[in-house]
Amino acid sequence: MSLWPFTLILLSTFTHAWWNFLAKQADQKDIFLGLSKFAEVLIFALPFLWMVTRHGFAAPGHEGHVWQYVLVASLLIFAYYIFLAQAYKRADLSVAYPIARASGLFLPFLAYLFLGETVDGVGATAVSLVVLGVLLIPLPSFHRADLRRMAGHLRQPGVLFALLTAFTVACYTLWDKTAVAHINPFVYYYSYTAVSSLLYVVLLSRFPRPQIRHEWQRHRRAIVLVAVLDVFTYVMVLYALNISKATYAGTLRQFSLVVAVFLGWRFLGEPLPPPKLVGVALLIGGAALILVAR
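About the cut-offs
Residues numbered from 1 in each chain as written. Predicted model: local features only at pLDDT ≥ 70, side-chain atom pairs only at ≥ 80, totals over all residues. Heavy atoms only, no water. Helix = DSSP H or I, 4+ residues; strand = E, 2+ residues; numbered from the N terminus. Rg over C-alpha atoms; globule rule 2.2 N^0.38 Å. Buried < 20%, exposed > 50% of the residue type's maximum accessible area, 1.4 Å probe, protein only. Contact = heavy atoms within 4.5 Å. Lys, Arg positive; Asp, Glu negative; His and termini not counted. Charge placed at Lys NZ, Arg CZ, Asp CG, Glu CD. Axes fitted to C-alpha atoms, helices over the stretch in contact; angles between N-to-C directions. Parallel < 35°, antiparallel > 145°, perpendicular 65-115°, else oblique. Left-handed = near helix turned anticlockwise from the far one by under 90°. Nonpolar A, V, L, I, M, F, W, Y, C, P; charged D, E, K, R; others polar. 1 Å grid on protein atoms, 1.4 Å probe; cavity = no way out; pocket = protein on both sides within 12 Å on 5 of 7 lines; lining within 4 Å. Points joined across faces, edges and corners; volume = space filled by probe spheres on them. Phe/Tyr/Trp six-rings, centres within 6.5 Å; stacked < 30°, edge-to-face > 60°. Lys NZ or Arg CZ within 6 Å of the ring centre and 35° of its normal. Core = buried A, V, L, I, M, F, W, Y, C linked by side-chain atoms within 4.5 Å.

Explanation requested: the overall build of the protein in the structure shown.
Within the protein, the regular secondary structure consists of 14 helices and zero strands. Scanning the protein from its N terminus toward the C terminus, one meets helices and strands in the order α-α-α-α-α-α-α-α-α-α-α-α-α-α. For the protein, the C-alpha radius of gyration of 19 Å lies close to 19 Å, the compact-globule estimate for 294 residues. The C-alpha extent of the protein, read off along each of the three principal axes, is 60 × 50 × 30 Å. Within the protein, buried positions represent 54% of all 294 residues. Contacts spanning at least 24 positions in sequence make up 89% of the contacts within the protein whose residues lie at least 6 apart. Charge separation in the protein, taken as the distance between the mean sites of 23 positive and 12 negative side-chain charges, equals 5 Å.

Got a minute to help me understand the packing of helix α10 (residues 185–204) against helix α11 (residues 209–242) in this structure?
The geometry of a pair of packed helices is captured by two quantities: the angle between their axes and the separation between those axes. For the pair α10 and α11, interaxial distance at closest approach is 10 Å and the crossing angle is 150 degrees. Our classification of the angle between α10 and α11 gives roughly antiparallel. The element α10 and its partner α11 pack so that their crossing is right-handed. Side by side, α10 and α11 meet where P185, F186, Y188, Y189 and L204 of the first sit next to I212, D230, V231, Y234, V235, L238 and Y239 of the second. Classifying every residue of the contact of α10 with α11 gives 11 nonpolar, no polar and one charged.

What is the right way to read empty space enclosed by the protein from this model?
Any empty space left between the atoms is revealed when a probe the size of a water molecule rolls over them. One pass over the full model with this rule turns up two cavities of 30 Å³ or more. Here the second largest cavity defines a volume of roughly 30 Å³. Forming the walls of the second largest cavity are E40, V41, F44, Y189, Y190, T193 and V231. If you list the elements that add at least two residues to the lining of the second largest cavity, you get α2 (29–43) and α10. Ranked by the residues each element gives to the lining of the second largest cavity, the list is headed by α10, at three residues. Partitioned by chemical class, the residues of the lining of the second largest cavity number five nonpolar, one polar and one charged.

Explanation requested: the packing of aromatic side chains in the structure shown.
Each aromatic ring pair is characterised by the separation of its centres together with the angle its planes make. Inspection of the entire model under this criterion finds 16 aromatic pairs. Looking at R266, its charged tip hangs above the ring of F267, at a distance of 5.2 Å from the centre.

Teacher, can you tell me more about the nonpolar core here?
Generally speaking, a soluble globular protein has its nonpolar side chains buried in company with each other. Residues M1, W19, F32, L33, Y80, Y81 and Y188 are the most contacted members of the largest nonpolar core, which totals 94 residues. If you tally residues by element for this core, the top one is α11, at 13 residues. Those residues within four positions of W19 in sequence are excluded, and the remaining contacts are L33, Y80, Y81, L84, V226, L229, D230, T233 and Y234.

If you want it as structure tokens, here you go:
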């Protein structure tokens, strides 16, 4: 993987972990995430209009496929946020977030099936190290009882929602790579964010207005910050996807777990048992190998 997409993905892992950390502290996570999507649409409306006026929606010859790409992406990203919010409701950040980011469990196989993408030996080793690190991070210890207990956690709703989130991430990573070959990454991201925000209107209509008003009044700064961080995160990822393999880009994004572990330890008082430290080391090693993989 070349240095430029590697750098973009690495930067995105910090912004991604940061906005997830903020979202975890919301009172009503569905409302918080919905309001953040509305904020994205409002904040970046003028840059979007300028970009479309200057460059159009898509490359010549692909204008007719724009809304197909946008509609499918908006449905996938909406499912992602729904699953992520449900995971955070039912599990700690240190458990739900690593599993939700474990798209490397699915990406190599899906990328091969749908894109014909292959990885070399170094790349396969890197993906394996990252996946192993992701699986180790939630463990409280290496004791046999904890290993059995963690296996039992796979049947709990929070972890199942986190796995659904990871699978959705793998699916939209492949879809995004296909889309940004024909559409400017920022135009593509803003378009499907605008569509998915309409879906959030339906979701938020289930909540009483006082709850929505309370969430905004209590967390409006965090909501706006999440909106900005989310846009920068995914636009950087989309630019990187356009010039690199989906398997490597998607796997490298799991480096955000290192940031999440630090945030959980530093600000939420979450412990750092040996499995979590080993998992972080494996993630760092896997990320280093991706840089030299082909």
